[in-house]
Amino acid sequence: MISIEYLYLMLGCFVVTWIPRILPFAFAKKMQFPEKFRLFLDYLPLCILAALLVQNLLSVPTGKAPILNIQETIACIPALIVGIYTKDLIKIVVTGIIAIALIRFFV
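Sequence positions are assigned chain by chain, starting from 1 and proceeding in written order. The predicted origin of the model limits local features to residues at a pLDDT of at least 70 and limits the giving and counting of side-chain atom pairs to 80 or more, whereas totals for whole chains, interfaces and linings rest on all residues. Hydrogens and water molecules were not included; the side-chain quantities draw on all heavy atoms of the structure.

(A) View of the overall build of the protein. Runs of E in the DSSP output that reach at least two residues are strands. Runs of H or I that reach at least four are helices, and both are numbered from the N terminus. Along the protein, the regular secondary structure elements total 5 helices and 2 strands. If you list the helices and strands of the protein from N to C, you get α-α-α-β-β-α-α. Based on C-alpha atoms, the radius of gyration is set beside the globule rule, defined as 2.2 Å times the residue count to the power 0.38. Its C-alpha atoms give the protein a radius of gyration of 20 Å, clearly above 13 Å, the size a compact globule of 107 residues would have. Seen along its three principal axes, the alpha-carbon backbone of the protein occupies a region of about 50 × 50 × 35 Å. For every residue, the accessible area (1.4 Å probe, protein chains only) is compared with the maximum for its type, and the residue is labelled buried under 20%, exposed over 50%, or partly exposed between those bounds. Scored against the burial criterion, the 107 residues of the protein give a buried share of 9%. Between two residues, a contact is recorded if the distance between any of their heavy atoms is within 4.5 Å. A separation threshold of at least 6 residues defines the contact pool for the protein, and within that pool the share at least 24 residues apart is 27%.

Below you can see the structure in the form of structure tokens.
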């Protein structure tokens, strides 16, 4: 049986997670941003994806220099090629998933 405190905790976690992720979009739809700021915002998805990519390509042991993850780097090559030719995010992601799956299966 789930206690009422647990349900309150889950509801609180939902609200705390929801507010910073959803609320800005609700306000941003009603606002007009200057052209330079809108141009800046257009680059955010690319920057976020690049940060996630670099985070997965590198391992950083405590107190040591970053180490390149070879399997993930090799899997990025076909995904990069598909990305250059198609510019379709779904095809890039599927290619990357298939590439890393094949590399991990055979290595």
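(B) Up close: the packing of aromatic side chains. Stacked, edge-to-face and tilted are the three classes for Phe, Tyr and Trp ring pairs, Trp counted by its six-membered ring, which pair at centre distances within 6.5 Å; planes under 30 degrees apart are stacked, over 60 edge-to-face, the rest tilted. In total, this model carries 3 aromatic pairs according to the counting rule given. Each ring, one from Phe 33 and one from Phe 37, has its centre 5.2 Å from the other, and the planes form 55°; the classification is tilted. Relative accessible area serves as the criterion here: at 29%, Phe 33 is assigned to the partly exposed category. Taking the relative accessible area as the measure of exposure, Phe 37 reaches 36% and is therefore partly exposed. Ring geometry for Phe 105 versus Phe 106: centroids 5.0 Å apart, planes at 80°, classification edge-to-face. Neither Phe 105 nor Phe 106 differs from the other in exposure class; each is exposed. The structure contains a cluster of three or more aromatic residues connected by ring pairs, namely Phe 33, Phe 37 and Phe 40.

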